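Listed below are the residues making up each chain.
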Amino acid sequence: MDQRVRRPPGLPIANPTTSYWQSPHEDFANLRSTDTLPLETDYIVIGSGISGSCIAHNILTRRPGAQVLILEARTACSGATGRNGGHTKAASYRSFPMHAEDLGIEEAVKIARLEYSNIKATQELAGQHGIQCSLQSCNTVDIIYDITELEEGKKAIGMMQAALNPEEGAAQYTIYDAEEARKRFLAPGALGAFEYEAGSIHAYRFTHGILKLALQKGLNLQTNTPATSLLRLPADNKRRWRIETTRGSVLAHDVILATNGYTAHLYPSLQGSIVPLRGQVSRQRLGSSLPLLSRTYSFIYAGGYEYMILNPHVRELIIGGGLGKLAAADPNAYLKEFGQSNDGETNPWISGYLQRCTRDYFGENWGTDDPVKGWEKEWTGIMGTSADGLPLIGPMPNEEGLWIQFACNGHGMVLCLKCAEALTDMLLGEEDTCKEWFPQAFKITQERTEKRYTGRL
Ligand SMILES: Cc1cc2nc3c(=O)[nH]c(=O)nc-3n(C[C@H](O)[C@H](O)[C@H](O)COP(=O)(O)OP(=O)(O)OC[C@H]3O[C@@H](n4cnc5c(N)ncnc54)[C@H](O)[C@@H]3O)c2cc1C
C-alpha cells in the first residue's frame, strides 16, 4: 500500500470506459461556453462532478452576477459521478461506532444526520427543478453473510437508535433473522438482514441538470480543458491565483478543487494522504426466475460488500463492488486498484466475479441468465479516498483563496450535496449557517493533510 499511495494520479485519462449512464451523452457534454478562456474570473471550480457542479450552482444562486468558471478535463461529469453505482444509501450504522469512538458521539450523530438529509435534499432539489434523473426513493436491504458483521451491525443499530431521536428517519432500521431474511429477500445464504430507507439516482443526469441551472445563471463551463497547475500570486494582486490549463491561463480570486481522486496532481503535497481507488460496476439483466425487486440491496461479507440497484421497468440491475473478494483471492491484485487512476479499462477478475455473484446471491431464485442480454455492460471509475475515511472540505490551510471538496470515499451520493452547501457557506463567509449541522471532523486541517493513507476505512 505504501508503494501504491506514492503513485501520482496524473490528469484524468483521455479515453475512459463509457458508463451505462453516459450512453448517450447529455447534450452539453462537450460544451465550451466561450471559444476562448476568460483572462480572469471571480471563482474557478476545477472539476464538473456533483461536487463542482453543486458548488458552482450554489455560488451563482447566492451571489447572482458572480463570475464562475468550471474547468473540466474531459466531458462534463465524466469522473466518478458519471460512472458510479447510483446508490443513494447512507448505511450510517456501518461507520457510526467508529465515528463515535474517534470523534465523539455528537459528531457521529451529525454525520449520520447529514447522510440521511443528503438523500432527502437530493430528492427535493431534483423535484423542485424537475430534473429527470430516475430518482427512486425506496427501502434498501443489507444481506449479511458473516456472523461478526451481523452482531456488530445489530450493536451499531442499537447504538444509533439510542443516540438519535427514535422517530428520525436516520435511526429507522428493521432487523431480520436468517429465516426471515432468506424468505423475504430471496437470498438463500443470508445469516440476517437490515432494512432501512435509501434509493437510487441517475447521478450523471442529475449533475447535468444542476449544470444546466448554473448555465442559465451565467456559468462559464469549459469542458476538455484540464487544469495543469496552480500558482499563488503575490499578496498585492487583486486575483490571488493563476491556473494554467492546456488552453491558456486564467486568474481568479478563489479556486475550488473538486477534482476528487486526481487532486494530488494539482496539489502534490496531498499525495499519499488522499488516494485514487478504482471501482467497477456492471449492468445485467435479471435472471429468468427473479421477480421484480422493490428494494435496493447490499451483500455484506467479512472484508467487503457488493451494492445493487434495480431498474424494475426493464428487468435490469446495476451491481458494483468485488474489491473485498479480490482482496481475499489475490491481495496483490487488490492493492493495484489503489493509486490507480486508469478508468479506461476494467479488471477482468472483478468482471468475472460480478458476472457470477448475482446467481450465487439469489441461488435458485435467480433462474437462468437472460439468453440474449445476460451480461451487458461494465465500466470503471476513480474514487477519492482519504487517510481517515472522511471527506476533506473547506479552505486549504495556509493558502488563502484555495478551497477543497474532496474524498467522499465512494459515498458521494450521500455526502457531496450537503458538503457543497457547507463549502459554499465557508467560501461566502457565512460559515455560521452550517455550523450547527456540519461535522467539524470533515473540515480540512493541516494535521489531516499530513495523515498517511494505510488502507480503506
Ligand atoms: C465505480 C464507482 C461506483 C460508485 N458508486 C457509488 C454509489 O453507488 N453510491 C455513492 O454514494 N457513491 C458512489 N461512488 C462515489 C461517488 O460517485 C463519488 O463520491 C462522487 O461522484 C464524487 O463526486 P465529485 O464531484 O467529488 O468527483 P468526480 O465526480 O470524480 O468529479 C471530479 C471531476 O474533476 C475532473 N478533474 C480532475 N482533475 C482535473 C483537472 N486537473 N482539471 C480539470 N478537471 C479535472 C474529473 O474529470 C472529474 O470530472 C462511486 C464511485 C465510483 C468510481
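Predicted, not measured: the structure shown is a model, and the values here were computed from it.

Moving on, we get to the site of the ligand. As a structural note, the neighbourhood of the ligand is formed by 40 residues, with Ser 51, Glu 72, Thr 81, His 87 and Met 413 the closest of them. Between a nitrogen atom of the ligand and a main-chain N or O atom of Ala 73, the distance comes to 3.0 Å. Residue Thr 81 places a side-chain N or O atom 2.5 Å away from an oxygen atom belonging to the ligand. Coverage of the ligand by the protein amounts to 98% of the 1,000 Å² it exposes when considered alone. Of all the secondary-structure elements, those providing two or more residues to the shell around the ligand are helix 2 (50–62), strand 10 (274–285) and strand 14 (375–386). The class makeup of the residues in the shell around the ligand is 19 nonpolar, 19 polar and 2 charged. Both of domain 1 (3–83 + 204–273 + 388–450) and domain 2 (135–198 + 276–382) provide at least three residues apiece to the shell around the ligand.

Side-chain pairs of opposite charge can arise whenever the charged atoms involved come near each other. Evaluated as defined, the whole model comprises 30 salt bridges. Asp 142 serves as the salt-bridge partner of Lys 89, at 2.4 Å between the closest nitrogen and oxygen. Of this pair, Lys 89 sits in the loop between strand 2 (68–71) and helix 3 (96–103) while Asp 142 sits in strand 3 (residues 136–144); the two residues are 53 residues apart in sequence, bridging distant segments of the chain. In this structure Lys 89 comes out as buried when scored by relative accessible area, which is 7%. With a shortest N-O distance of 2.8 Å, Lys 443 and Glu 431 are connected by a salt bridge. Of this pair, Lys 443 sits in the loop between helix 13 (432–435) and helix 14 (446–450) while Glu 431 sits in the loop between helix 12 (416–427) and helix 13, and the two are 12 residues apart along the sequence. For Lys 443, a relative accessible area of 18% translates into the label buried. The exposure class of Glu 431 is partly exposed, given its relative accessible area of 21%.

On to the packing of helix 4 (residues 105–129) against helix 7 (residues 203–216). In the contact formed by helix 4 and helix 7, the axes pass within 11 Å of each other and the chain directions differ by 55°. In terms of orientation, helix 4 and helix 7 fall into the oblique class. You can see that helix 4 and helix 7 cross each other, and the crossing is left-handed. In this structure, helix 4 contributes Thr 122, Leu 125, Ala 126 and His 129 to the contact, and helix 7 contributes Phe 206, Ile 210 and Leu 213.

It is worth spelling out helix 11 (residues 348–362) at this point. Over its 15 residues, helix 11 extends 23 Å from the first C-alpha to the last, a length consistent with the 21 Å expected when each residue adds 1.5 Å. At Arg 356, helix 11 shows its maximal bend, which comes to roughly 35°. Two or three places before Trp 349, at the opening of helix 11, Asn 347 has a side-chain oxygen 2.8 Å from that residue's backbone nitrogen. Following helix 11 by one or two positions, Gly 363 adopts a phi angle in the positive range, close to 55°.

Further remarks concern the nonpolar core. In this structure, Val 68, Phe 206, Leu 219, Ile 256, Phe 438 and Phe 442 are the most contacted members of the largest nonpolar core, which totals 53 residues. Elements with a minimum of two residues in this core: strand 1 (40–46), helix 2, strand 2, helix 4, helix 7 and helix 12. Ranked by residues supplied to this core, first place goes to helix 12 with 8 residues. Apart from the residues within four sequence positions on either side, Val 68 is in contact with Thr 41, Tyr 43, Val 45, Ala 56, Ile 59, Leu 60, Gly 218, Leu 219 and Asn 220. Residues Ala 181, Leu 310, Tyr 334 and Leu 354 belong to the second largest nonpolar core, which totals 36 residues.

Below, the discussion takes up the domain arrangement of the protein. If you check the domain split of the protein, you get domain 1 (3–83 + 204–273 + 388–450) and domain 2 (135–198 + 276–382). Here the C-alpha centroids of domain 1 and domain 2 sit 30 Å apart. Tallying the contact residues gives 18 residues for domain 1 and 23 residues for domain 2. Taking both partners together, domain 1 and domain 2 bury about 1,600 Å²; carbon and sulfur atoms supply 54% of that area. For the domain 1 face of the interface with domain 2, the top three residues by lost area are Arg 4, Thr 17 and Tyr 20, together amounting to 40%. For Asp 343, the salt bridge identified is with Arg 83, shortest N-O distance 3.8 Å. Where domain 1 meets domain 2, there are 13 residue pairs in polar contact (both at pLDDT 80 or more).

Parameters at a glance
Residues numbered from 1 in each chain as written. Predicted model: local features only at pLDDT ≥ 70, side-chain atom pairs only at ≥ 80, totals over all residues. Heavy atoms only, no water. Near = heavy atom within 4 Å. Polar contact = N/O pair within 3.5 Å; in protein donor to acceptor, adjacent residues only side chain to side chain. Areas by Shrake-Rupley, 256 points an atom, 1.4 Å probe, with all protein chains shown as cover. Helix = DSSP H or I, 4+ residues; strand = E, 2+ residues; numbered from the N terminus. Nonpolar A, V, L, I, M, F, W, Y, C, P; charged D, E, K, R; others polar. Domains from an automatic or database assignment. Salt bridge = Lys/Arg side-chain N within 4 Å of Asp/Glu carboxyl O. Buried < 20%, exposed > 50% of the residue type's maximum accessible area, 1.4 Å probe, protein only. Axes fitted to C-alpha atoms, helices over the stretch in contact; angles between N-to-C directions. Parallel < 35°, antiparallel > 145°, perpendicular 65-115°, else oblique. Left-handed = near helix turned anticlockwise from the far one by under 90°. Contact = heavy atoms within 4.5 Å. Expected span 1.5 Å × (residues − 1). Bend = angle between axes of the 7 residues up to and from the residue. Core = buried A, V, L, I, M, F, W, Y, C linked by side-chain atoms within 4.5 Å. Buried area = accessible area lost by both parts, 1.4 Å probe.

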